[in-house]
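Given next are the chains, with one letter for each unit.
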Amino acid sequence: MSKSTPMNQRKIIEDVWKEILRMSTIDADLTFMDLGGTSLTANMLVAKLGKSLGMSIPVIRVFEYPTLRQFTKFLIGADVAESAKAGAP
């Protein structure tokens, strides 16, 4: 799991969204699809984020948490939960 801080993770997530969607700014309340995303770019997004954050992200999460704000909150929460589980006896 990622050792970066939630603030760093937010930046990584936002930067990857910008890169995949080829945008210089992202409205955190618009959905991935409304921003021009497709199923193909959703797969590219989770692959790149998985590699950058060191976690496995099913592509369905892009559709379950469709805005940057929701997706980031989910991923950071998932990372914290995985970290806690890894440290459990």
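Going by the structure above, here's the rest.
S.K.: Pulling in residues and values, what's your account of the overall build of the protein chain?
M.R.: Within the protein chain one finds 4 helices and 0 strands. Listed N to C, the secondary structure of the protein chain is α-α-α-α in terms of helices and strands. Per-residue burial for the protein chain yields a buried fraction of 35% across its 89 residues. Sequence-distant contacts in the protein chain: of pairs separated by 6 or more residues, those separated by 24 or more amount to 57%. Carbon and sulfur atoms make up 58% of the accessible area of the protein chain, which totals about 5400 Å².

S.K.: Mind laying out the nonpolar core, listing which residues take part and the relevant values?
M.R.: Among the nonpolar cores identified, the biggest contains 21 residues, and Ile13, Trp17, Phe32, Leu45, Leu49, Phe71 and Leu75 are the most heavily contacted of them. Elements with a minimum of two residues in this core: α1 (6-21), α2 (39-53) and α4 (68-87). Excluding its chain neighbours within four sequence positions, the residues that come into contact with Leu75 are Ile13, Leu49, Leu53, Met55 and Ile57.

S.K.: Can you lay out the packing of aromatic side chains for me, pointing to particular residues and giving the numbers?
M.R.: Under the definition given, this model contains 3 aromatic pairs. On the numbers, 5.2 Å between centres and 80° between planes, the contact of Trp17 with Phe32 is edge-to-face. Pair noted here: Trp17 is in helix α1 and Phe32 is in the loop between α1 and α2, with a separation of 15 residues, a long-range link. When sorted by exposure, Trp17 lands in the same class as Phe32, which is buried. Where Trp17 meets Phe71, the ring centres are 5.8 Å apart and the plane angle is 55°; that geometry is what we call tilted. Of this pair, Trp17 sits in helix α1 while Phe71 is found in helix α4, placing the two residues 54 residues apart along the sequence. Its relative accessible area of 0% is what places Trp17 among the buried residues.

S.K.: I'd like a rundown of the side chain of Thr72, residues and numbers included.
M.R.: Along the chain, Thr72 turns up in helix α4. We classify Thr72 as buried; its relative accessible area is 10%.

Definitions and cut-offs
- Residues numbered from 1 in each chain as written.
- Predicted model: local features only at pLDDT ≥ 70, side-chain atom pairs only at ≥ 80, totals over all residues.
- Heavy atoms only, no water.
- Helix = DSSP H or I, 4+ residues; strand = E, 2+ residues; numbered from the N terminus.
- Buried < 20%, exposed > 50% of the residue type's maximum accessible area, 1.4 Å probe, protein only.
- Contact = heavy atoms within 4.5 Å.
- Areas by Shrake-Rupley, 256 points an atom, 1.4 Å probe, with all protein chains shown as cover.
- Core = buried A, V, L, I, M, F, W, Y, C linked by side-chain atoms within 4.5 Å.
- Phe/Tyr/Trp six-rings, centres within 6.5 Å; stacked < 30°, edge-to-face > 60°.

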